[in-house]
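Observations on the model geometry
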Amino acid sequence: MLLGLAVVVALAATGVWNPFPGLWDWVDRSEPISEPDVVWQQRVGGTPRSVTIAGDTVVVEQRTRVEARSLATGAQLWERKADWAAVAGGDRDPVVAVGKLLVNGYELLDPTTGVTRRRDDDAVAVWTYRNLLLDARCTDATDCTLSAWDPRGTAPLWTAFLPGVHSGLLADNPGLRGTRRLTANRIDDGVAGAEAAPPLLGFPVDGRVHVVDTATGRVLQNVEPTRDERLSVVGGRLLRIAARSQDGSCYFAISARDSATGQEAWHQAGVNLRTADSAGCVQREDPQGARNVLIGVAPDGREAVIDGYDGRLLWVGDSGTKLIAVDDRSAVFRAADKRSVVARELGTEKVLWRRPASGKAGAALTPYAVVVVDEKPSRLAALDPRTGRELAALRTSANALAVGSQGMIIGEGREIGYVRFGASGTSPTRPPGDGGNPGPGGPGPDPGRPNNGDCGPKGELCAEPGGGKDG
């Protein structure tokens, strides 16, 4: 054995034959992260902080760098040092914003080549949407300018004045006053990617909320909450959520205000939006919800989905049901028997689909697929949002990281892999749109009113807002 090893070392040293690289590749080879196997599987340099499908590329944000890989093969296309990264734009016009913590400015990179498309040296915060990119720059603590850009534009669409920004407005997508998404184990919070910019955004500044119209940049309202209020901007309305402590309980009331006039548009009492903790009903959280809808709990304990625009009850669960995913088209909930998950169209009694699942199943709604995860045994599935047809079904303990029009990225540790939808390349039946709220083009037809087709509540999946660009 020693003689044979000596011969192998001599051959490797002289370059005649070197088995060690192949041997190391065999030792270091990764086990498949799912069954059936993924289209490709790659080990990235560090544990991903976020993964986003951007057109034909996969953007992987890590702790100190960002890299892009080919969606078709998984091969690395480029790598950059950066402390944060976020993707803006739709399927046809994505860009990658990158920057460093505690350093003003950012760069917009082409996701395929990594080439810098635009550079900014002054911005302190960036917000990324499918049809818009916002940044904020400050000359001093009380003099800041908010600018809106087309994702690949070279000149601002509009600018607005804000009297300062609070200390949390740093880097990419700092928190605004909106809603909190429902979350699920093994599904990344950003699995759906960037959404279209909502018609109104609420910027917290020194205890007040400045409501900005994303179509024009006008600051429509500048409101200071009272001691027992929390302000949130949802569905084109400014919500004043009051929580009052009395008789050992919290009593809630919601007043939705018109953004232009400040007049009350609707009012709802007795619905708990889960904004307060048990210590004196202090509201420290935004309400749960998504896009134009809110999630509340009625006094009898049943969950409800409320239209943020007009206050209508779009869905009220039965006793024992548990809502696990929602957008402004449909709700996905665990049935009371804890043996299935059900999807129902909001505003109607129509059940879209039902699927066997355990009482611990979780889900997330994206424009292209509903992701459902289950345990014991570990399963991950992607379903057509309208029919429940399986687009992919995996035996895996990996996480769902990103969903695109043709497939999804899953990952475990440093390993990521691409799962293509459909055994024969089939894709979701829903028209491939950018989803979410309307963008700078305006609120669209009949804001907040869902329809029964596949175009979304404002027709945003069929008519491209913002002048026909992918948005």
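Placed above this text is the structure.
All values reported here derive from a predicted model rather than from experimental measurement.

This paragraph deals with the sheet that holds strand β20 (residues 249-258). Strand order in the open sheet made by the 4 strands is β18-β19-β20-β21, with antiparallel pairing throughout. Taken across any chain shown, the strands that pair with only one partner, and hence form the sheet edges, are β18 (229-234) and β21 (264-269). Shown here is a sheet whose adjacent strand axes are inclined to one another by a mean of 20°, direction ignored. Pairing of β18 with strand β19 (residues 237-246), which is carried by 6 bridges, proceeds in the antiparallel orientation. Looking at β19, one finds that E229 is bridged to A242.

Our focus in this paragraph is the nonpolar core. Ranked by size, the top nonpolar core spans 22 residues in total, and within it L380, V403, M408, I410 and F421 carry the most contacts. Listing elements by their share of this core, those giving two or more residues are β31 (370-374), β32 (379-383), β33 (390-395), β34 (399-403) and β35 (407-412). The dominant element in this core, judged by the number of residues it contributes, is β33, at 3 residues. Once you skip the residues sitting within four places of it in the chain, V403 turns out to touch I53, V191, T366, Y368, A369, V371, M408 and F421.

What follows deals with the environment of V282. Along the chain, V282 falls in the loop between β21 and β22 (289-290). V282 sits 40 residues away from A242 along the chain, and the two C-alpha atoms are 9.8 Å apart. Those residues in contact with V282, other than ones at most four positions away along the chain, are T275, A276 and D277.

Attention now goes to the packing of aromatic side chains. Taken as a whole and assessed by the stated rule, the structure comprises 3 aromatic pairs. Geometrically, the ring pair formed by W127 and F203 is edge-to-face, given 5.4 Å between the ring centres and 85° between the ring planes. Of this pair, W127 sits in strand β10 (residues 125-128) while F203 sits in strand β15 (residues 200-205), and the two are 76 residues apart along the sequence. Neither W127 nor F203 differs from the other in exposure class; each is buried. Taking the centre distance of 5.2 Å and the plane angle of 35° together, the rings of W315 and F333 count as tilted. Separated by 18 residues along the polypeptide, W315 in strand β25 (residues 313-316) and F333 in strand β27 (residues 330-334) bring together distant segments of the chain. Each member of the pair, W315 together with F333, is buried. Directly above the aromatic system of Y309 lies the positively charged group of R237, at a separation of 4.1 Å from the ring centroid.

Time to look at the pattern of salt bridges. Within the structure shown, the criterion is met by 32 salt bridges. Residues E107 and R119 are paired through a salt bridge, measuring 3.4 Å at the closest nitrogen-oxygen approach. One end of the pair, E107, is in strand β8 (residues 106-109); the other, R119, is in strand β9 (residues 116-120), and 12 residues separate them in sequence. Classification of E107 as buried rests on a relative accessible area of 14%. Under the relative-accessibility criterion, R119 is labelled exposed at 53%. Residue R230 is joined to D286 by a salt bridge in which the shortest nitrogen-to-oxygen separation is 3.1 Å. You can see R230 sitting in strand β18 and its partner D286 sitting in the loop between β21 and β22, a full 56 residues away along the chain. For R230, a relative accessible area of 12% gives the class buried. Here the salt bridges share partners, and the residues they tie into one network are R181, E195, R291, D327, D328 and R329.

Here we come to the pairing of strand β13 (residues 158-162). Covered by surrounding structure in β13 are W158, A160 and L162 only, the residues T159 and F161 on the alternate face being uncovered. In this structure, strand β12 (residues 143-149) lies alongside β13, joined through 5 bridges in antiparallel fashion. Pairing of L146 across the sheet is with A160, part of β13.

Analysis parameters
- Sequence positions are assigned chain by chain, starting from 1 and proceeding in written order.
- Owing to the predicted nature of the model, reporting of local features is limited to residues with pLDDT of at least 70; listing and counting of side-chain atom pairs is limited to 80 or more, with chain, interface and lining totals taken over all residues.
- Side-chain measures were taken over the full set of non-hydrogen atoms in the model, leaving aside hydrogen atoms and water.
- We treat two strands as partners when DSSP finds at least two bridges between them.
- Working definition: helices are DSSP H or I runs of at least four residues, strands are E runs of at least two. Numbering for both runs from the N terminus.
- Angles here are taken between N-to-C directions and fall from 0 to 180 degrees, while the axes themselves are lines fitted to C-alpha atoms, restricted in helices to the stretch in contact.
- We call a set of buried residues a nonpolar core when its members are Ala, Val, Leu, Ile, Met, Phe, Trp, Tyr or Cys and they connect through side-chain atoms within 4.5 Å of each other.
- For every residue, the accessible area obtained with a 1.4 Å probe (protein chains only) is divided by the maximum for its type, and the residue is called buried under 20%, exposed over 50%, and partly exposed between those limits.
- Throughout, a contact is declared for two residues whenever any of their heavy atoms are within 4.5 Å.
- The aromatic pairing rule takes the rings of Phe, Tyr and Trp, using the six-membered ring of Trp, and pairs them if the centres are within 6.5 Å, calling planes under 30 degrees apart stacked, those over 60 edge-to-face and the rest tilted.
- In our convention, an over-ring charge means Lys NZ or Arg CZ found within 6 Å of a ring centre and within 35 degrees of that ring's normal.
- Throughout this description, the term salt bridge denotes a Lys or Arg side-chain nitrogen within 4 Å of a carboxyl oxygen of Asp or Glu.

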